[in-house]
Amino acid sequence: MIKVGVLGAKGKMGAQTCLAVEGADGLELVARLDQGDELDELTKAGAQVVVDFTRPEVVMGNLEWCIERGIHAVVGTTGFDDERLATLRGQLEASPGTGVLIAPNFSIGAVLMMQFAAQAAPYYESVEIIELHHPDKVDAPSGTARRTAELIGAARREADSAPIPDATTTELEGARGAEVDGIRVHGIRLQGLVAHQEVMFGRTGEVFTIRHDSMNRESFMGGVILGIRQIGDTPGLTVGLEHFLDLG
Ligand SMILES: NC(=O)C1=CN([C@@H]2O[C@H](COP(=O)(O)OP(=O)(O)OC[C@H]3O[C@@H](n4cnc5c(N)ncnc54)[C@H](O)[C@@H]3O)[C@@H](O)[C@H]2O)C=CC1
Ligand SMILES: O=C(O)C1=N[C@H](C(=O)O)C[C@H](O)C1
């Protein structure tokens, strides 16, 4: 049995994760913590793996606490940049044997979307990302959109792609979206949505669109459970669920 603690257990993803862990073979939910609870509850309950679905402003403190105690972590919370990842690598060096998975998106389709987007990137002159989410989301652009842009940016650099054509010289601030690694990212917040993304590629005479839709939060749970099962055997920092999937 892997003993699992959930941080952010009263939130949308945390609550869904508690249900998924309770229903999964070989996993035991030993702690559900939310804002105001003491992290010591995790050690008291003997948690071996912690799942974090909290907020970008608190996740680094939670992870430092877990890593210092050799507790593995599976992290869905957004807000990770290169600086944060470097900090985690440093902390993990001092705690050999401890594993942390940072997954910008736990749904299989979103992982495939990111992989396919990186694959398509060298073949198109233009690319833009549109992420669409529920209006309770506190961060923009989404972690998934950031990661997709980084993967596309890396693939375009590798292919020595020409700059993306764009004649805009006059712009109302924000009209062309945010720029992540040279890629334009547009965010939509709409009641009724859960989590969705389109990656649009263009070249003369054709447009190619990759779209992924999470219709509910169960869509993330297969990836979360996989992460919990694997992280104890994967010391160090892993970024992206694709490393735990056999994608060929
Ligand atoms: N990687 C993925 O596949 C997914 C990632 N997310 C990300 O997960 C995060 C949480 O998303 P939601 O569940 O929708 O948000 P939410 O706002 O519903 O839940 C966050 C929960 O964290 C709690 N919290 C805040 N500070 C805390 C602390 N110090 N200790 C313990 N709990 C604390 C809040 O009280 C709240 O219950 C966001 O960053 C979101 O972008 C969301 C969906 C999928
Ligand atoms: O806040 C959300 O809901 C989601 N957050 C993650 C992100 O920012 O990419 C994953 C998914 O898009 C849902």
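Residues numbered from 1 in each chain as written. Chains lettered and ligands numbered in written order. Predicted model: local features only at pLDDT ≥ 70, side-chain atom pairs only at ≥ 80, totals over all residues. Heavy atoms only, no water.

The name recorded for the protein in an unreviewed UniProt entry is 4-hydroxy-tetrahydrodipicolinate reductase, from Kribbella caucasensis. The record in UniProt for the protein states the following under Sequence similarities (unreviewed entry): "Belongs to the DapB family." (UniProt positions renumbered as here; feature names shortened; annotations may be inferred.)

A. Structural context of the layout of surface pockets. Computed from the structure, the largest pocket encloses a volume of approximately 980 Å³. Around the largest pocket, the lining comprises 39 residues; the ones closest to its centre are Met 13, Phe 53, Thr 54, Arg 55 and Thr 77. Mapped onto the lining of the largest pocket, the elements with two or more residues apiece are α1 (12–22), α3 (56–68) and α6 (143–158). Considering each element in turn, the lining of the largest pocket owes the most residues, 4 residues, to α3. Counting the residues that make up the lining of the largest pocket, at least three belong to each of domain 1 (2–102 + 218–244) and domain 2 (108–215). There is about 360 Å³ of room inside the second largest pocket. Forming the walls of the second largest pocket are 20 residues, and the residues nearest its centre are Phe 80, Asp 81, Gly 143, Arg 146 and Glu 150. With 6 residues, the single largest contributor to the lining of the second largest pocket is α6. Split by residue class, the lining of the second largest pocket holds 9 nonpolar, 5 polar and 6 charged. (1 Å grid on protein atoms, 1.4 Å probe; cavity = no way out; pocket = protein on both sides within 12 Å on 5 of 7 lines; lining within 4 Å. Points joined across faces, edges and corners; volume = space filled by probe spheres on them. Helix = DSSP H or I, 4+ residues; strand = E, 2+ residues; numbered from the N terminus. Domains from an automatic or database assignment. Nonpolar A, V, L, I, M, F, W, Y, C, P; charged D, E, K, R; others polar.)

B. Spatial organisation of the site of ligand 1. Surveying the vicinity of ligand 1 reveals 21 residues, the closest of which are Met 13, Asp 34, Thr 78, Ala 103 and Phe 106. With respect to ligand 1, the side chain of Thr 78 contributes an N or O atom lying 2.8 Å from an oxygen atom. In the model, a nitrogen atom of ligand 1 is placed 3.1 Å from a nitrogen or oxygen of the Pro 104 main chain. The pocket occupied by ligand 1, as judged from atoms lying within 2 Å of grid points, is the largest pocket. Broken down by class, the residue content of the shell around ligand 1 amounts to 7 nonpolar, 8 polar and 6 charged. (Near = heavy atom within 4 Å. Polar contact = N/O pair within 3.5 Å; in protein donor to acceptor, adjacent residues only side chain to side chain. Sits in = over half its atoms within 2 Å of the grid points.)

C. Seen up close, the confidence of the model for the protein. Summarising the model, the protein shows a mean pLDDT of 97, and 100% of its residues fall at 70 or more. Per the prediction output, this complex has pTM 0.96; the corresponding ipTM is 0.99. (pLDDT = per-residue confidence, 0-100.)

D. Seen up close, empty space enclosed by the protein. Under the counting rule described, the total for this entry stands at 1 cavity of 30 Å³ or more. Taken as a whole, the largest cavity encloses approximately 70 Å³ of empty space. Lining the largest cavity, in full, are Asn 105, Ala 110, Met 113, His 133, Ser 142, Thr 144, Ala 195, His 196, Gln 197, His 212, Ser 214 and Phe 220. Taken together, the elements giving at least two residues each to the lining of the largest cavity come down to α5 (108–120), β9 (195–203) and β10 (206–214). Counting residues per element, the lining of the largest cavity draws most heavily on β9, at 3 residues. Considering only residue class, the lining of the largest cavity consists of 4 nonpolar, 8 polar and no charged.

E. Structural detail: the sheet that holds β9. Overall, mixed pairing links the 5 strands, which are arranged β7-β8-β6-β9-β10 in an open sheet. For this open sheet the edge positions go to β7 (178–180) and β10, each flanked by a neighbour on one side alone. On average, each strand axis in the sheet is tilted by 25 degrees relative to the strand beside it, whichever way the strands run. Lying over the sheet, α5 contacts β9 and β10, oriented at roughly 160 degrees with respect to β10. This element, α6, spans β6 (126–133), β7, β8 (183–189) and β9 of the sheet and lies at about 170 degrees to β6. (Pairing = 2+ DSSP bridges. Axes fitted to C-alpha atoms, helices over the stretch in contact; angles between N-to-C directions. Contact = heavy atoms within 4.5 Å.)

F. Looking closely at α1. By the burial criterion, the buried members of α1 are Met 13, Gly 14, Thr 17, Cys 18, Ala 20 and Val 21. For α1, the arc enclosing every buried residue in end-on projection is 165 degrees, short of the 170-degree limit, so these residues lie on one face. Against β1 (2–7), β2 (27–33), β3 (49–52) and α7 (221–231) lie the buried residues of α1. (Buried < 20%, exposed > 50% of the residue type's maximum accessible area, 1.4 Å probe, protein only. Arc of directions from axis to C-beta.)

G. Expanded view of the environment of Leu 241. In this structure, Leu 241 sits in the segment after β11 (236–239). Among the residues examined, Leu 241 registers a relative accessible area of 0% and is labelled buried. Along the chain, Leu 241 and Ala 103 lie 138 residues apart, while their C-alpha atoms are 5.5 Å from each other. Those residues within four positions of Leu 241 in sequence are excluded, and the remaining contacts are Leu 101, Ala 103, Asn 105, Phe 106, Ile 108, Val 111, Gly 223 and Leu 226.

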